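Residues per chain are reported as follows:
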Protein chains: 2
Amino acid sequence: MSETSTPARGRPPRLDRERTLRTALDLLRQSGLDALTMRRLAEALDVKAGALYRYFATKQDLLTAMAERMMAGVADATAAADDGDWSGQLRTLARALRAALLAHRDGARVFAGTHATGPHTLGIADTLVGVLRGAGFSDEEAARTLFTVANFTVGHTLEEQAALEPADGGADVPALLTEAVAAGTYPHLQAGLSTLSSTDFTALFEFGLGLLVDGLRARR
Amino acid sequence: MSETSTPARGRPPRLDRERTLRTALDLLRQSGLDALTMRRLAEALDVKAGALYRYFATKQDLLTAMAERMMAGVADATAAADDGDWSGQLRTLARALRAALLAHRDGARVFAGTHATGPHTLGIADTLVGVLRGAGFSDEEAARTLFTVANFTVGHTLEEQAALEPADGGADVPALLTEAVAAGTYPHLQAGLSTLSSTDFTALFEFGLGLLVDGLRARR
DNA sequence: ACCTGAACACCGTTCAAGT
DNA sequence: ACCTGAACACCGTTCAAGT
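Remember, it's a predicted structure, so these values are computed and weren't measured experimentally. (Residues numbered from 1 in each chain as written. Chains lettered and ligands numbered in written order. Predicted model: local features only at pLDDT ≥ 70, side-chain atom pairs only at ≥ 80, totals over all residues. Heavy atoms only, no water.)

Student: Honestly, the overall build of chain A in this entry has me stumped. Any pointers?
Tutor: Assigned secondary structure in chain A consists of twelve helices and zero strands. Its helices and strands in sequence order give chain A the pattern α-α-α-α-α-α-α-α-α-α-α-α, from N to C terminus. Rg of the C-alpha trace for chain A: 21 Å, well past the compact-globule value of 17 Å for 220 residues, more than 25% over. C-alpha atoms of chain A, sized along the principal axes, occupy 70 × 50 × 25 Å. Relative to its full complement of 220 residues, chain A shows a buried share of 47%. Expressed as a percentage of contacts within chain A between residues at least 6 apart in sequence, the contacts between residues at least 24 apart total 75%. About 11,100 Å² of surface is accessible on chain A, with carbon and sulfur atoms providing 51% of the total. (Helix = DSSP H or I, 4+ residues; strand = E, 2+ residues; numbered from the N terminus. Rg over C-alpha atoms; globule rule 2.2 N^0.38 Å. Buried < 20%, exposed > 50% of the residue type's maximum accessible area, 1.4 Å probe, protein only. Contact = heavy atoms within 4.5 Å. Areas by Shrake-Rupley, 256 points an atom, 1.4 Å probe, with all protein chains shown as cover.)

What follows is the structure in structure tokens.
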């Protein structure tokens, strides 16, 4: 009885899902999604690329596991908060989801590109639906709200992280927008220019979240 | 004076942005974004891949032009509609945006992965902001609503089109969800299961859009 | 049992050279 | 001026063979 229950015949593995996952998330944080290749990940693990396929059937599988792992902190952050009624709890949940995506470089792109169905992801979903059912919303309204809040949050954070990246293509969006608007063609965009080129994504997220919550309140 | 104003010295080009763009959108419709490679596009145009770079600096450039082209029909579809007050016009705009993304395979993925700032895209944005300003919302509220509606719509359609794709990885999401929920671990998801595994994305979109509109109404 | 070596079938992009 | 040929520096994935 040296350490584990299974006999462990042959050499002990140098690799496992856990170490691979941690290294992949580190590499993501350092280099971004486009630089996260199976070959570079293997190199960081001091192994050849082919070896990764013993633990993850495809790269997509690995990305799904990464997305699920990103959701790990959300439940705790939510439980810790003291947030009153259903609307406060819903806000807390949505903010924690955005924060979890923002906590990893390209987090929203990874999450949007996969379909995580692990315990963390399902736990968050269950909690959110539970908050709404507890507040008297129907099962159908609660389920639809889950999707609406998730889709809005992911859509928002996708934009937010895209705006944060260097945008190596050249001119950034605000600059292009300012230029196009200056020509006088888009009067309404011109009026909202200061907000449109603002980088206060938190205020923007809170605005959208506020609309959803008020819309829900009107339905009770 | 044979045909155009410019002298056209040398052979007439076999390629141009317009034909390349049309062929690229055709290829997208037939094969999806993952199969849209510069090499395959070149083959469809009966040319070698290197030739494409005379018209588009990078693949990202081509994708941005495709995203802009997808927005072409939105303004017309919006103008044709007879939709009453600001809330009806806002709904029409959001529905037309979703329809434009759905009209092309992987449309939302293409749109989300680029930052189109062409006249169609800016025209839609200007119209939406104009509707809200005309209804008495502040410039800031109008601009923030633009982002909220766009982010929600793109986030929703990303999910919708992902659910429509074959999902070659194996079991589909509803199946996985049903299985996980059956274990009894997620009581609230279990209650909403019929809605959660429903494929009525139009109803889902309308629910979210309705929340946003009602939220806006509460702000006037 | 676990990993390497080596290959297969691709990618986006560049650029000298041809026409 | 426009396109080809050929290369550069990569990809994800598979699988016989080694240890």
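Student: Looking at this structure, how should I read the relation of the copies chain B and chain A?
Tutor: Look at the two chain copies: a rotation about an axis and a shift along it is all it takes to match them. Taken as rigid bodies, chain B and chain A are interconverted by a rotation of 180° and an axial shift of 0.0 Å, the fit giving an RMSD of 0.0 Å. Here the transformation between the copies is reduced to the relation of a two-fold axis. (Least-squares fit on C-alpha atoms with pLDDT ≥ 70 in both.)

Student: Just to check I follow, could you spell out the packing of helix α8 (residues 139-164) of chain A against helix α8 (residues 139-164) of chain B for this structure?
Tutor: For any two helices packed against each other, the geometry comes down to the angle between their axes and how far apart the axes lie. Where α8(A) contacts α8(B), the axes come no closer than 7 Å and their chain directions differ by 110°. With respect to each other, α8(A) and α8(B) are oriented roughly perpendicular. On the side of α8(A), the interface is formed by Thr148(A), Asn151(A), Phe152(A), Gly155(A), His156(A), Leu158(A) and Glu159(A), while α8(B) contributes Thr148(B), Asn151(B), Phe152(B), Gly155(B), His156(B), Leu158(B) and Glu159(B). (Axes fitted to C-alpha atoms, helices over the stretch in contact; angles between N-to-C directions. Parallel < 35°, antiparallel > 145°, perpendicular 65-115°, else oblique.)

Student: Explain the side chain of Thr148(B) to me, please; I cannot follow it from the model alone.
Tutor: Checked against the element boundaries, Thr148(B) lands in helix α8. Given a relative accessible area of 2%, Thr148(B) falls into the buried group.

Student: What should I look at first to understand the side chain of Thr195(A) in this one?
Tutor: Here Thr195(A) shows up in helix α11 (residues 193-196). Assessed through its relative accessible area of 12%, Thr195(A) is described here as buried.

Student: When you look at unusual backbone geometry in this model, what are you seeing that I'm missing?
Tutor: Glycine aside, residues mostly have negative phi angles, and peptide bonds mostly take the trans form. Positive phi, normally seen in glycine, also occurs at Asp106(A), with a value near 60°. With relative accessibility at 4%, the residue Asp106(A) sits in the buried group.

Student: What exactly am I supposed to notice about the environment of Thr58(A) here?
Tutor: Note that Thr58(A) resides in the loop between α2 (38-44) and α3 (59-70). Among the polar contacts listed, one links the side chain of Thr58(A) to the backbone nitrogen of Asp61(A), at a separation of 3.1 Å. (Polar contact = N/O pair within 3.5 Å; in protein donor to acceptor, adjacent residues only side chain to side chain.)

Student: Would you mind showing me how to read the packing of aromatic side chains here?
Tutor: What characterises a pair of aromatic rings is the spacing of the ring centres plus the angle enclosed by the ring planes. In this structure the tally under the stated criterion is four aromatic pairs over all chains. Here Trp86(A) and Phe137(A) contribute two aromatic rings whose centre-to-centre distance is 5.2 Å and whose plane-to-plane angle is 75°, an arrangement assigned as edge-to-face. Highlighted residues: Trp86(A) in helix α5 (residues 86-102) and Phe137(A) in the loop between α7 (119-134) and α8, separated in sequence by 51 residues. By relative accessible area, Phe137(A) is classed as buried at 5%. Taking 5.5 Å as the distance between ring centres and 10° as the angle between the ring planes, the aromatic pair formed by Phe152(B) and Phe205(B) counts as stacked. Taken as a pair, Phe152(B) in helix α8 and Phe205(B) in helix α12 (residues 201-217) lie far apart in primary sequence, 53 residues in all. The burial state of Phe152(B) is the same as that of Phe205(B); both residues are buried. (Phe/Tyr/Trp six-rings, centres within 6.5 Å; stacked < 30°, edge-to-face > 60°.)

Student: Looking at this structure, I do not really get the domain arrangement of chain A. What am I missing?
Tutor: For an interface, size is often stated in terms of accessible area lost upon the parts coming together. Residue and element names in this part refer to chain A. Each assigned domain of chain A is listed with its residue range as follows: domain 1 (3-57) and domain 2 (72-219). The gap between the C-alpha centroids of domain 1 and domain 2 is 32 Å. For the pairing of domain 1 and domain 2, the buried interface totals around 620 Å² over both sides, and the portion due to carbon and sulfur atoms is 51%. A per-residue breakdown of the area domain 1 buries against domain 2 is headed by Leu28, Arg29 and Leu33, which together make up 67% of the total. For the interface between domain 1 and domain 2, the tally reads one salt bridge. In this structure, Asp34 engages Arg109 in a salt bridge whose closest nitrogen and oxygen atoms are separated by 2.8 Å. Its residues assigned to classes, the side of domain 1 that touches domain 2 comprises three nonpolar, three polar and two charged. (Domains from an automatic or database assignment. Buried area = accessible area lost by both parts, 1.4 Å probe. Salt bridge = Lys/Arg side-chain N within 4 Å of Asp/Glu carboxyl O. Nonpolar A, V, L, I, M, F, W, Y, C, P; charged D, E, K, R; others polar.)

Student: What is the right way to look at helix α1 (residues 17-31) of chain B in this model?
Tutor: Every α-helix carries 3.6 residues per turn, so stepping three or four residues along brings you back to the same face. All names here are of chain B. Its 15 residues give α1 an end-to-end C-alpha distance of 21 Å, which sits within 8% of 21 Å, the value for a rise of 1.5 Å per residue. Within the span of α1, buried status applies to Thr20, Leu21, Thr23, Ala24, Leu25, Leu27 and Leu28. The N-cap of α1, judged by a side-chain oxygen 2.9 Å from the amide nitrogen of Glu18 a few residues on, is Asp16. One or two positions beyond α1, positive phi appears at Gly32, with a value near 90°. (Expected span 1.5 Å × (residues − 1).)

Student: Honestly, the interface of chain B and chain A in this entry has me stumped. Any pointers?
Tutor: With 50 residues of chain B in contact, the opposing surface of chain A contributes 49 residues. Regarding the contact of chain B and chain A, the summed buried area is about 4,800 Å², with carbon and sulfur atoms giving 70% of it. In this assembly, chain B and chain A are joined by two salt bridges. In this structure, Asp214(A) and Arg219(B) form a salt bridge, with 2.7 Å as the shortest nitrogen-oxygen distance. Taken together, chain B and chain A are joined by eight residue pairs in polar contact (both at pLDDT 80 or more).

Student: Any chance you could explain the UniProt feature "DNA-binding region" (unreviewed entry) in chain A here in plain terms?
Tutor: Mapped onto this numbering, the UniProt entry gives "DNA-binding region" (unreviewed entry) at residues 37-56 of chain A. With 35% helix and 0% strand, the stretch residues 37-56 of chain A has end C-alpha atoms that lie 13 Å from each other. (UniProt positions renumbered as here; feature names shortened; annotations may be inferred.)

Student: When you look at the UniProt feature "domain: HTH tetR-type" (unreviewed entry) in chain A in this model, what are you seeing that I'm missing?
Tutor: Per the UniProt record, "domain: HTH tetR-type" (unreviewed entry) is found at residues 14-74 of chain A. Helix makes up 61% of residues 14-74 of chain A and strand 0%. Its end C-alpha atoms lie 31 Å apart.

Student: Looking at this structure, I do not really get the pattern of salt bridges. What am I missing?
Tutor: A pair can form between side chains of opposite charge whenever their charged atoms are brought close. All names here are of chain A. What the rule picks out here adds up to 22 salt bridges over all chains. The partner of Glu165 in a salt bridge is Arg105, with the nearest N and O atoms 3.9 Å apart. With Glu165 in the loop between α8 and α9 (173-182) and Arg105 in the loop between α5 and α6 (107-112), the pair connects residues that are 60 residues apart, well separated along the chain. By relative accessible area, which is 25% here, Glu165 ends up partly exposed.

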